[in-house]
Each structure stands twice: as C-alpha cells, then as structure tokens.
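Listed below are the residues making up each chain.
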Amino acid sequence: MYHCVDSDKREQYKPMFLSACLAVLLTGVTEPIEFMFMFIAPVLYVAHAVLTGVAFALVDVMDLRVHAFGLIELVTRIPMMASAGIGGDLVRFALVSIVFFGVNYGLFRVLIVKLKLPTPGRMGNYLDDSSESMSEDEKMETIIKNLGGRTNIAEIDACMTRLRVTVNDPQLVAEYELWKPTGALGAVIKEQGVQVIYGPGVDVIKSRLVAKFSAQPA
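Residues numbered from 1 in each chain as written. Predicted model: local features only at pLDDT ≥ 70, side-chain atom pairs only at ≥ 80, totals over all residues. Heavy atoms only, no water.

Novice: Even after reading the chapter, I still don't get the pattern of salt bridges, so can you show me in this structure?
Specialist: Pairing of side chains with opposite charge becomes possible as their charged atoms draw close. Counted under the stated rule, the structure contains eight salt bridges. In this structure, Asp-89 and Arg-92 form a salt bridge, with 3.3 Å as the shortest nitrogen-oxygen distance. Note that Asp-89 and Arg-92 are positioned in helix 5 (residues 87–114) at a spacing of three residues, about one turn of the helix. A relative accessible area of 30% means that Arg-92 is categorised as partly exposed. For Lys-180, the salt bridge is made with Glu-177, and the minimal N-O distance between the two is 4.0 Å. For Lys-180, a relative accessible area of 15% puts it in the buried group. On the basis of relative accessible area, Glu-177 is assigned to the exposed category, the value being 53%. Through salt bridges that share partners, Arg-65, Asp-89 and Arg-92 make up one connected network. (Salt bridge = Lys/Arg side-chain N within 4 Å of Asp/Glu carboxyl O. Helix = DSSP H or I, 4+ residues; strand = E, 2+ residues; numbered from the N terminus. Buried < 20%, exposed > 50% of the residue type's maximum accessible area, 1.4 Å probe, protein only.)

Novice: Is there a simple way to think about helix 1 (residues 10–27) in this case?
Specialist: In an α-helix, one turn spans 3.6 residues; hence positions three or four apart end up facing the same way. The end-to-end C-alpha distance of helix 1 is 25 Å, a good match for the 26 Å that 18 residues give at a rise of 1.5 Å each. Packed against the buried residues of helix 1 are helix 2 (31–34). Residue Gly-28 follows helix 1 closely and has a positive phi angle near 80°. (Expected span 1.5 Å × (residues − 1). Contact = heavy atoms within 4.5 Å.)

Structural data, given as structure tokens:
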C-alpha cells in the first residue's frame, strides 16, 4: 500500500504506515493495517483473509511449532524453543514468512493498481490537511467534541492500538470522517462503546485525553 501512495505524498504517509507496521511486527496486532483497507477496499480484506487462512493451514501441515504474538514474544521464546529441540522450526518459519511476504506484497500491489483501489494516499483518499497543523491541545478538544462533549464521556481506556471510550449517548458520537484529522485509522461504535484506532501511540493519547478531561470544569 505504501508503494502505491502518490509519489508526492509518500513522505506525508510514511509515519502512518511505519507506526502501523511496527504495531504488527512488535505485538502481532494487525488492526492498524487492516483498518486502512477493510472499508474502502473490501476485496483486499477478502484476499487478506484467504491468505491468512492458507498460512494457518500450511503451518499445520508443516507442523511448525512456533507460536508468538509479535517479534517481542518470539524473541523471548527462542531460548525455550532451542532447549526444547525445535530450533529448526525457526528456520522453516523464516522461509515461509519470506514466501508469504512476497505473495502478499505481489497480490496487494496487483489488486490495488489493476482495480484502481483507493488505499490511503491515492485516488482521493488523503489525510485531512488540518491534521498537520492541529496542535495536541486542539486534537484533544476535537476528540472530546467527537465523543459528544465532556458530559457524554463515561469512561476512558485504551488497549494496544485502540482508544476505548464508554459514552452515555452513542448518537452524539461523530462519524469517522470527523475523526480523521486527529490521526485515527478507523472508528467503531457499538452501543455505548466507542473504539477509535490510532496505533501503538494510543496510550499517549489516552493520558493526554484523561488529563484534558480532568482539567476541564464539568
């Protein structure tokens, strides 16, 4: 997707793609990347789902005994794998990963270009220009506004990549388009639960939001 970004906008989109890739690589959380294409280019999500299923099936057929959610967990498990006598599985795992990297890259590149899919940074799917000039204080104010205002916020939390907020009235929560200037990759509203995908830096956003929320008078 990054190599399909308009050449004059790649520097602008590099941080977004880099942070999403780091989230996947380090923690195994794939949502930041999946939310980049699952709604605007569903055909890519279908291809992604099929390739993921094939990968899991192949791992089972090859009897690969490597299991880890991200690079951090994998590295910490290498000594245990070596002592258990399955170090050879790591070599096969690396070879399979290289092959699937090539297959995923090639298939996505062909589908994006041939089907003219509007992935981030091309064909009108661009970041809001206001996101570059928005200060952190303005960003927090916008998030609070998008959540329906201070009185509509009941609870603020976060996981590895998502800002999780419980609201009193979900009807007051803004649509995704109004979240984009804050750097959000996606927004999901289910009953009173609001989940906004920001990537691995979401803890900083949560802390600033809590501080901003607490500092404002009721």
